[in-house]
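Okay, here's what each chain looks like letter by letter:
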Amino acid sequence: MAYLGVDCSLTGRRWVGPGVEHERLAEAMVQQTGQPRALCGVLARLGVPLEEVAGYLDPKLRDLLPDPRTLRDMEAASSRLVAAVTRRERVAIFADYDVDGGTSAALLIDWFGQMGLEPTLYVPDRIDEGYGPNEPAMAQLAAAHDLIVCVDCGTLSHGPIAAAAAADVIVLDHHLAGETLPECVAVVNPNRQDEDGALAHLCAAAVVFLALVDAGRQLRAAGKGGPDLMAMLDLVALATVADVAPLRGVNRALVRQGLNVMAGRSRPGLVALSDVARVDTAPTSYHLGFVLGPRINAGGRIGRADLGARLLACRDPHEAKSLADKLDQLNGERREVEEAVRAAALAQAEERGFDAPLVWAAGEGWHPGVVGIVASRLKERTNRPAIVIGMDGDEGKGSGRSVSGVDLGASIQKLAAEGLLIKGGGHKMAAGLTVARDKLEAAMERLTELLAKQGAGLGGAADLSLDGTLMPGAASVDLCEGIEKAGPFGAGAPAPRFAFPEMRVGFAKQVGAGHLKVSFDDGLGARIDAIAFGAFDGPLGAALSDHKGKRFHVAGRIEINEWNGRRSVQLRLEDAAEA
């Protein structure tokens, strides 16, 4: 049964509330812990056992961090890092061009730098070189270095790593592995086929962090000191959120502690980027995923691929400001390019139909740097896995995003093994591919078959899941702060959403580029202000602006709004339905 009777909201969604078991558990939590009912409802939905509530609200990294050596090849990798320091070797870092790659590189640059070495950073150009190590670059690096560390890439790079025979190579990665691994010193990857999958949710930066933890232990055992690794958790947190890793278990603890580190504003690159992005409050997972992450990614998408990593590793505040300004400018340009591709891809996909297990679009000259973002937009719009491909000459480079429960990376790898792709790989929720023009249709048809077998395309528009109801008078700053203790929220741990039933619209006006600012009251003297971003891109903005005195059930996320030293609760409005 639909929550509050909303079978089809203004945005076409069915509202789904907490189940009976969650309600019972929440009530038991209230009785035993004395925590607010709304917070207990969130904890129940997240699956927190009654006896673990206190520990969940105050997670300790020392209790959740796994032994690094549970990962295969870890001892060999960390020992080789320590040996490079001991022998004062020439080290190169080959990194992917996204946030996870950039933060992974910055972690190593920071660590080696504090140990007295200055590694060479190499980030391939997205368009000219594509993803991952390539033979010319690896051979060139090997000729001038003793050790190459590949981060957030390399697991499938048999040929390029073989081309680096003149140097030792370590791979620290998390992308899905094939049946065989490259010949090198170590391939540390929780998604190797011979791993048990217990740490498959880690991003590459978390894998690098574990390698540095193990290296630190070796240094201490030898009577030597090492860098303060806890001070590096800001980078791990940024990567974990930006790479959409599930915020459960150790990931949640890494992000929570990393946000505390970031609030201390000790890393010049992140300080400069936060300032240029006008982040004037304590950072949250939202800032990492939607404010800082896109700016770091902008260099790899449409500018110089190494800008993000250089910013994160930068120690000079003046250089950091210059790099942050450049990335902010590139991010603005990225938005313009993305919007053009998004409109064209949406029109093409809509003509093909949104009902199939796969939604896809391909176009001439679409910038490879934005196809992944556009694929995300299509996935969000259709609740289906989406692929967007930019064609150039005889081939196209594309990117895909998946929905929960559908392993896109494995299906892409299968296509590559069947010869329908030039290359392809990734993980469950995201993947990249290169396809020949004459195999495009066949590849997409086969991918549709593979995804259908996993259940893709069976549902309609995504349901809107709600944690319960609130009234404006109960939505206090104290409640918001209490709910934040159940965070951080993100992938695998969605932020709480609440419904406010039977609301009257006080005032409503359009602000900015299609956004809606609105206030609601309950008819009893209590009110709550709300903001709905992009409301006029759909029916929400018009319906609430021209409300004609109707009452509405409204739904969204409550947050603290700080303005001129005043803190108040604001509803980030996501949906509404006539009451």
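Above this text sits the structure in question.
The shown structure was predicted, so the numbers you read here are calculated from the model rather than taken from an experiment.

**Quick look at helix H18 (residues 440–453)**
Phase 1 of the analysis: Here H18 contains 14 residues, and its C-alpha end-to-end distance of 20 Å stays within 8% of the 20 Å for a straight helix at 1.5 Å per residue.
Phase 2 of the analysis: Elements in contact with the buried residues of H18: strand E7 (359–364), strand E8 (386–392), helix H17 (408–417) and strand E11 (430–436).
Phase 3 of the analysis: A positive phi of about 95° marks Gly 455, the residue just after H18.

**Overview of the sheet that holds strand E6 (residues 186–188)**
Phase 1 of the analysis: Spatial strand order, E3-E2-E4-E5-E6: 5 strands in an open sheet with parallel pairing. Only two strands of the sheet have a single neighbouring strand rather than two, namely strand E3 (120–122) and E6. Mean inter-strand twist for the sheet, computed between neighbouring axes without regard to direction, equals 15°.
Phase 2 of the analysis: Where strand E2 (residues 91–95) meets strand E4 (residues 147–151), 5 bridges bridge the pair, whose relative direction is parallel. Within E4, the residue paired with Ala 92 across the bridge is Ile 148.
Phase 3 of the analysis: Where helix H6 (residues 99–114) meets the sheet, it contacts E2, E3 and E4, and its direction lies at approximately 165° from that of E2.

**A word on the sheet that holds strand E16 (residues 551–563)**
Phase 1 of the analysis: The sheet built from 5 strands closes into a barrel, its strands ordered E13-E14-E15-E17-E16 with mixed pairing. Averaged over all adjacent pairs, the angle separating strand axes in this sheet is 45°, with direction ignored.
Phase 2 of the analysis: Where strand E15 (residues 527–532) meets strand E17 (residues 566–578), 3 bridges bridge the pair, whose relative direction is parallel. Residue pairing for E17: Ile 531 is matched across the bridge by Arg 572.

**Regarding the packing of H17 against H18**
Phase 1 of the analysis: Between H17 and H18, the shortest axis-to-axis distance is 10 Å and the interhelical angle comes to 135°. By the criterion of interaxial angle, the relationship of H17 to H18 is oblique. Once H17 is placed against H18, the crossing between them reads as right-handed. The segment H17 lies against H18, with Leu 408, Ser 411, Ile 412, Lys 414 and Leu 415 engaging Ala 443, Arg 446, Leu 447, Leu 450 and Leu 451.
Phase 2 of the analysis: Grouping the amino acids of the contact of H17 with H18 by side-chain chemistry returns 7 nonpolar, 1 polar and 2 charged.

**Quick notes on the layout of surface pockets**
In this approach, a probe sized like a water molecule rolls over the atoms, and the result shows the empty space that is left.
Phase 1 of the analysis: Here the second largest pocket defines a volume of roughly 280 Å³.
Phase 2 of the analysis: What lines the second largest pocket is a set of 16 residues, among which Glu 52, Tyr 56, Leu 64, Gly 249 and Arg 252 lie closest to the centre.
Phase 3 of the analysis: Where the lining of the second largest pocket is concerned, the elements lending two or more residues are helix H3 (53–57), helix H4 (61–64) and helix H11 (249–263).

**Concerning the pairing of strand E5 (residues 168–172)**
Phase 1 of the analysis: Across the 5 residues of E5, 4 count as buried, placing the element largely inside the fold.
Phase 2 of the analysis: Relative to E5, E4 runs parallel, the two sharing 5 bridges. Directly across from Val 151, in E5, lies its bridge partner Leu 172.
Phase 3 of the analysis: Pairing analysis gives 3 bridges linking E5 to E6, with the strands arranged parallel. The residue of E6 that forms the bridge with Leu 172 is Val 188.

**Digging into unusual backbone geometry**
Phase 1 of the analysis: Look at the link from Gly 487 to Pro 488: it is a cis peptide, with omega at 5°.
Phase 2 of the analysis: The residue Pro 488 is located in the loop between helix H19 (477–484) and strand E13 (498–511) in this model.
Phase 3 of the analysis: Of note, the phi angle at Leu 4 is positive, near 55°, even though the residue is not glycine.
Phase 4 of the analysis: Summarising the element assignment, Leu 4 is placed in the segment before strand E1 (15–16).
Phase 5 of the analysis: Its relative accessible area of 33% is what places Leu 4 among the partly exposed residues.
Phase 6 of the analysis: Backbone geometry at Asn 383 places phi at a positive 55°, although glycine is not the residue there.
Phase 7 of the analysis: Looking at the secondary structure, you find Asn 383 in the loop between helix H16 (371–382) and E8.

**Examining the pattern of salt bridges**
Phase 1 of the analysis: If you walk through the whole model with that rule in mind, you get 41 salt bridges.
Phase 2 of the analysis: Between Asp 575 and Arg 13 there is a salt bridge whose closest N-O contact spans 3.7 Å. Of this pair, Asp 575 sits in strand E17 while Arg 13 sits in the segment before E1; the two residues are 562 residues apart in sequence, bridging distant segments of the chain.
Phase 3 of the analysis: Between Glu 118 and Arg 315 there is a salt bridge, and its shortest N-O distance comes to 3.3 Å. In this pair, Glu 118 is assigned in the loop between H6 and E3 and Arg 315 in the loop between helix H14 (307–313) and helix H15 (317–352), connecting sequence segments 197 residues apart.
Phase 4 of the analysis: Residues participating in the shared-partner salt-bridge network are Arg 72, Asp 73, Arg 192 and Asp 194.

About the cut-offs
- Residues numbered from 1 in each chain as written.
- Predicted model: local features only at pLDDT ≥ 70, side-chain atom pairs only at ≥ 80, totals over all residues.
- Heavy atoms only, no water.
- Helix = DSSP H or I, 4+ residues; strand = E, 2+ residues; numbered from the N terminus.
- Expected span 1.5 Å × (residues − 1).
- Contact = heavy atoms within 4.5 Å.
- Pairing = 2+ DSSP bridges.
- Axes fitted to C-alpha atoms, helices over the stretch in contact; angles between N-to-C directions.
- Parallel < 35°, antiparallel > 145°, perpendicular 65-115°, else oblique.
- Left-handed = near helix turned anticlockwise from the far one by under 90°.
- Nonpolar A, V, L, I, M, F, W, Y, C, P; charged D, E, K, R; others polar.
- 1 Å grid on protein atoms, 1.4 Å probe; cavity = no way out; pocket = protein on both sides within 12 Å on 5 of 7 lines; lining within 4 Å.
- Points joined across faces, edges and corners; volume = space filled by probe spheres on them.
- Buried < 20%, exposed > 50% of the residue type's maximum accessible area, 1.4 Å probe, protein only.
- Salt bridge = Lys/Arg side-chain N within 4 Å of Asp/Glu carboxyl O.

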